[in-house]
Amino acid sequence: MTDTAIEAAALGRSFGRRRRQALEGCSFRLPAGRVCALTGPNGAGKSTLLALAAGLLRPTEGSIAVLGRTPAAARERLAYVAQNKPLHPQLTIAGTLRLGRDLNPRRWDARVPERIIAEGDLDPGARIRSLSGGQRTRVALALALGKRPELLLLDEPMADLDPLARHQLMATLMADAADHGTTVVMSSHVVAELEGSCDHLLLLGGGRVRLAGPLDDLLAAHTLVTGRSGDTLEPHTVVESRTTGRQLTALVRPAGPLGEGRRTDRPSLEELVLAHLRSPEAPPLVLDTEQEAAA
Amino acid sequence: MSAVTAGASAAVKESRAPHGLVPALLRVHRSAFLFWLMLTAVCLGALLWAAGPGADAALAEYRALGCDRPGPGPDCHFSGSAVGRHQLAVAIASGLVTLLPVLTAAWAGGALTGREMENGTAELAWTQSVSPARWLAAKLAVPAVLLVAGTFAVTLLHRMLWSSPKNSLDRLMGWYEWHDDRVFEINGPVATAHTLAALALGVLAGLLLRRALPALGVAVLAVVSLVWVLDELRPRLWPTTATVTSAGSTPNPPGLVVEEGALTATGARVPVPECWGELDCPAESGITGYYAVYHPSSHFWPLQLMESGIALAVAALAVVAAFRLLRRRTGAAV
Amino acid sequence: MVEYRIDRRSGVATYVQIVQQTKQALRLGLLEEGDKLPTAREVVEATAINPNTVLKAYRELEREGLVEARRGLGTFVRRSLGTAPADSPLRAELEAWAARARAAGLERDDVDALFTSVLDAHFAQSKGDA
C-alpha cells in the first residue's frame, strides 16, 4: 500500500488538431485515505483529470501516477464512474453486477453492491433501461464499489440524485472509506454538495491547479478581512478584494499578523472557492501534507 | 481420477482468474450472438433440406417431366415447383452468406464498438480489471470464432451439396457455374475471409468514429467496396489459361472467361468482327481463328486462396490499426 | 450512545460540532465513564460526513483526556464532565430562577442576555471555535 493515491507532475492534456489545452502544468499530490473534492467551473478540466487518473486518456505532457504506478498498471485497484453513468441498457441490475464479477474476478465482493442495490429498493431483475437517473447512479456506484477499489474516481456523482438518495449514497461512500481507507475523488461544480464529506480540496480553473491540499490547511491559510477602504493589505497575498463604500472586504493569505482594527474571519469552503474563481489571476496555492509536517 | 478432476478445475479457475471477459462479452452481446445462431441455423437447415427431401422431390419432378431422357422437351428449360423450391433453399443460404459481410460490418461498427464508444460502456469495461487492449482482443476474437464456425459449417454443407453425385443433382445445380459470385464465395474460405474482414473493418470504424450510426454506415460502405473490388479483381488473381480454335468454331471454354476474341493470320488478337450471319464475313475480315482467355475449374483453389489471403490481409491491417489507435488514445500498456 | 447532528450551514467546523456535542452529552450525563462512542463508520453512515473528521474529533477528545481509544474495541469515555447532571440541585435552582424570571415578565431574549452577561462576569471567555 502506497501512501500516495495520485501524484501529478506538470500534467497536461490537449485535444484535437488545434491542441486545445484542457489541462496544463498540473502538479499536486493526493495522499491515500483522503476524500478529495475536485471542483472548478464547467470546462475547468475536472473530467479530463479524472479520465487521466483512470487510465482512459494518455497525458500529452507530464505524468500522472496512481497508487504509485501508472494508471494502466493500477487498473485493478481503482474504480471510475463517468459523468453519464454508462451502463448496458439491455442488462438487468443483476446482470450488470455479474458483469462486474466477470470483469474483476480477483477483487469482486458481491455483498457490497447487493447491499447498495437493496438500500435503494431496487429490483435486481429490473433492466437498466427502465431505471431513473438516480437509480442508474446507484447501480453505477454499486458496480464501482463491488470491485473493492483503493481509489475511487467519481465524476459528478451526485448530480442527478434527490436529497435522500444523495445522503444515502454519500453515507455509503463514507462508510466504505471508513472501513477500507478508500481514497475518494469526487468532482462537482456545486461546492456545497461536497462540504462536510471531503477533507481535501483540488480546485481547477482554466485547466490549471488553483488550490490543492488538505481542506483544513487551505482554510487556515486564508483569512477574510473586513476593514476600511484605503487600508493597505501589504505584505499579505491578496486573493480578492472588494470595496463597498468605506468598507473593504478581502480574502488574503496572511504573511504575518493582520494588524489591529480589522475584523478577521475564517472563510467557509464556498467563500474560499468562489473568491478564487472570481479572481483568475490570484496565485495558486498547493499545500502538501509533507510541507505541512516540515513547517 | 479425482486428482485429474482437481487439476482440471484448478485450470478452469486459473483461466477464469485474470478475466471473465468472454462470459461478459457473451452476456452484453447476447441478442446479437443469438441472432447469428439463428441465421446459421436457417442456412444449415435450408441446405440440409435441399440436400435431402428437397433434392428428392426436385429429382422426382424432373424425372416425371421426362427431362432425364435424351432429347428433353421444352418444359425442361423451366423449373417446376419442386425444382424451384430446391433452388430457393440453396439461394437463401448462399444469399445470406453473401449478405453476411454487410451484416457483420454493420453490427461490428454499430453495436459491438461504435455504440460502446458513444455511450461510454467501453470506458466502463476499461476501468474494470480489463485493459483496453484485452477488451479489443476479446471483441475481435469471440465474434471471429463464432463467425468462422458458422460460416465454415455452411460452406462445408454447400460444398457437399455442390459436389453431390453427378447423376442426380448435376443438372439441378447446373443452373449455376462454379465461378458465379455467390457460388464461388460460399464454396470456399472466401466467404469466411470476407466476413472476418468485415468484422475487423467494422471494429476499426467503431473505434475511429466513436459513434454508432456513422461507424455503421462507414463500415458497411467499406465492406461493400471491398467485396466489389475483390469481385472485380478475382479473374486477375491467378494466371489464366488460353484456348484457341480454328476459324470454323468459336471456343466455349468451361470456366471463368476473362477475355475472348478473334485471331488474325499474324496471330494478333482482335475483337470479333460484327458479322450478321454472313458466312464469309470472318474470312473477309482476315480472321483465322478465335481465342479465349479463362480460368478452368482447376483454378478454383488458387483463386480462393489468393482472394482469401487478400481479404485476411485487409482484416489484419484493420486489426493492427485498431490496436494502435486504442493505444495511442489511452496510452495503456497491453 | 450519542447521536451526532451535523449542521453543515452553521459555520462551525464539523469536527468541532462532534467535540461539542460529545461534551454536552458528557455534561448532561447522557454519556458516562466507560460508555462507548459510536465508531467512525457508524457516525458516517448516519451523517454522510468524512470519516477522517470523526477520527479528528475523537483525537481531540482523547487529547483533552475525555475519552480513550482501545485498540480493536473502540473509543470509550474516560471521565465524565458530569458537574451538572440533568437532575442536579444546581439545575433545580436554575429552573426555579427561570420560572421566577418568566413570572416577572422577562422575555427569552432578556433572560438570555442576562444569563450571558453573568456568565461572562464569572467565567473566562472560552473559544467556541478552535
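- Looking at an unreviewed UniProt entry, chain C carries the name GntR family transcriptional regulator, with the source organism given as Streptomyces djakartensis.

- As recorded by an unreviewed UniProt entry, chain B carries the name ABC transporter permease and is attributed to Streptomyces djakartensis.

### Quick notes on the overall build of chain C
Point 1. Broken down by element type, chain C carries five helices and two strands.
Point 2. For chain C, the α and β elements follow one another from N to C terminus as α-α-α-β-β-α-α.
Point 3. A total of 130 residues make up chain C; the buried ones form 23% of that total.
Point 4. For chain C, the proportion of contacts with a sequence separation of at least 24, taken over those separated by at least 6, is 58%.

### Considerations on the overall build of chain B
Point 1. If you tally the helices and strands in chain B, you get 12 helices and four strands.
Point 2. Residues classed as buried in chain B amount to 38% of the 334 residues present.
Point 3. Sequence separation of at least 24 residues holds for 81% of the intrachain contacts in chain B that already meet a minimum separation of 6.

### Some words on the UniProt feature "transmembrane region" (unreviewed entry) in chain B
Residue and element names in this part refer to chain B.
Point 1. As annotated by UniProt and renumbered to match this structure, "transmembrane region" (unreviewed entry) occupies residues 33-52, 88-108, 140-162, 182-205, 212-230 and 308-326.
Point 2. Between the first and last C-alpha atoms of residues 88-108 the distance is 29 Å; the span itself is 100% helix and 0% strand.
Point 3. With 100% helix and 0% strand, the stretch residues 308-326 has end C-alpha atoms that lie 27 Å from each other.

### Points about the sheet that holds strand β2 (residues 20-31) of chain A
All names here are of chain A.
Point 1. The three strands lie next to each other as β2-β1-β4, forming an open sheet whose pairing is antiparallel. Each having just a single partner strand, β2 and β4 (61-66) make up the two edges of the open sheet. With direction set aside, neighbouring strand axes in the sheet form an average angle of 20°.
Point 2. Across five bridges, strand β1 (residues 4-15) lies against β4 in antiparallel orientation. Residue pairing in the sheet places I6 in a bridge with V66 of β4.

### Some details on the interface of chain B and chain A
Point 1. Listed per partner, the contact involves 25 residues of chain B and 27 residues of chain A.
Point 2. For the side of chain B that touches chain A, the secondary structure elements donating two or more residues are α2 (21-28), α5 (121-126) and α12 (300-330) of chain B.
Point 3. Of the residues that constitute the side of chain B that touches chain A, the class distribution is 11 nonpolar, 10 polar and four charged.

### Regarding the domain arrangement of chain C
Point 1. Taken domain by domain, chain C consists of domain 1 (14-77) and domain 2 (89-122).
Point 2. Computed from C-alpha coordinates alone, the two centres of domain 1 of chain C and domain 2 of chain C are separated by 31 Å.

### With respect to the interface of chain C and chain A
Point 1. The partner chain A presents 15 residues to the 15 residues of chain C that form the contact.
Point 2. Sorting the residues of the side of chain C that touches chain A by element identifies α2 (40-47) and α3 (51-63) of chain C as the ones contributing at least two each.
Point 3. The leading source of residues in the side of chain C that touches chain A is α2 of chain C, at five residues.
Point 4. Each residue belonging to the side of chain C that touches chain A can be placed in one class, and the counts come to seven nonpolar, five polar and three charged.

### Topic: the sheet that holds strand β2 (residues 255-264) of chain B
Residue and element names in this part refer to chain B.
Point 1. The sheet built from four strands is open, its strands ordered β1-β4-β2-β3 with antiparallel pairing. Pairing within the sheet leaves two strands with one partner each, and these edge strands are β1 (241-246) and β3 (269-270).
Point 2. With six bridges connecting them, β1 and strand β4 (residues 287-296) associate as antiparallel partners. By the bridge assignment for β4, T245 is matched with Y290.

### Digging into the nonpolar core
Point 1. Within the largest apolar cluster, 180 residues are counted, with the highest numbers of intra-cluster contacts made by L153 of chain A together with A200, L201 and A219 of chain B.
Point 2. Considering every element that reaches this core, the biggest residue donor is helix α9 (residues 190-209) of chain B, with 14 residues.
Point 3. Ignoring anything within four residues of it in the chain, the contact list for A219 of chain B reads A105, A106, A108, G109, L201, G202 and A205 of chain B.

### A short note on the domain arrangement of chain B
All names here are of chain B.
Point 1. Split by domain assignment, chain B resolves into domain 1 (19-237 + 300-330) and domain 2 (241-298).
Point 2. The interface is formed by five residues belonging to domain 1 together with six residues belonging to domain 2.
Point 3. Grouping the constituent residues of the side of domain 1 that touches domain 2 by class yields four nonpolar, one polar and no charged.

### Here's the deal with the confidence of the model for chain B
Point 1. Confidence in the prediction for chain B averages 84 pLDDT; 84% of positions are at 70 or higher.
Point 2. A low-confidence stretch, residues 1-18 of chain B stays under pLDDT 50, and its non-local contacts, those more than four residues away or across chains, total three contacts.

### Structural notes on the environment of L65 of chain B
Residue and element names in this part refer to chain B.
Point 1. Topologically, L65 is positioned in the loop between α3 (30-64) and α4 (81-119).
Point 2. The partly exposed category is assigned to L65, around which 17 C-beta atoms lie within 10 Å.
Point 3. Taking the C-alpha atoms as reference points, L65 and A51, 14 residues apart in sequence, are found 21 Å from one another.

### Some words on the UniProt feature "domain: HTH gntR-type" (unreviewed entry) in chain C
Point 1. Here the UniProt-annotated "domain: HTH gntR-type" (unreviewed entry) positions come out as residues 12-80 of chain C.
Point 2. Spanning residues 12-80 of chain C, this segment combines 51% helix with 12% strand, and its end C-alpha atoms are found 24 Å apart.

### Here we look at the packing of helix α4 (residues 133-146) of chain A against helix α5 (residues 163-180) of chain A
Residue and element names in this part refer to chain A.
Point 1. The interhelical angle for the contact between α4 and α5, taken along N-to-C directions, is 5°, at an axis separation of 11 Å. Comparing their axes, α5 and α4 come out roughly parallel. Seen from α4, the contacting residues are G134, R138, L141 and L145; seen from α5, they are A165, L169 and D176.
Point 2. Residues belonging to the contact of α4 with α5 are distributed by class as follows: four nonpolar, one polar and two charged.

### Topic: the packing of helix α6 (residues 132-162) of chain B against α9 of chain B
Residue and element names in this part refer to chain B.
Point 1. Relative to each other, α6 and α9 sit at 160°, their axes nearing to 9 Å. As the angle between them shows, α6 and α9 are arranged roughly antiparallel. Crossing of α6 against α9: the hand is right-handed. Of α9, the residues touching α6 (which contributes K139, L140, P143, A144, L147, V148, T151, F152 and T155) are A191, T192, T195, L196, L199, A200 and V203.
Point 2. Looking at the contact of α6 with α9 residue by residue, the classes come out as 11 nonpolar, four polar and one charged.

Reading the values: the criteria
Residues numbered from 1 in each chain as written. Chains lettered and ligands numbered in written order. Predicted model: local features only at pLDDT ≥ 70, side-chain atom pairs only at ≥ 80, totals over all residues. Helix = DSSP H or I, 4+ residues; strand = E, 2+ residues; numbered from the N terminus. Buried ≥ 20, exposed ≤ 12 C-beta atoms within 10 Å, placed from the backbone. Contact = placed C-beta atoms within 7 Å. UniProt positions renumbered as here; feature names shortened; annotations may be inferred. Pairing = 2+ DSSP bridges. Axes fitted to C-alpha atoms, helices over the stretch in contact; angles between N-to-C directions. Nonpolar A, V, L, I, M, F, W, Y, C, P; charged D, E, K, R; others polar. Domains from an automatic or database assignment. Core = buried A, V, L, I, M, F, W, Y, C linked by C-beta atoms within 7 Å. pLDDT = per-residue confidence, 0-100. Parallel < 35°, antiparallel > 145°, perpendicular 65-115°, else oblique. Left-handed = near helix turned anticlockwise from the far one by under 90°.

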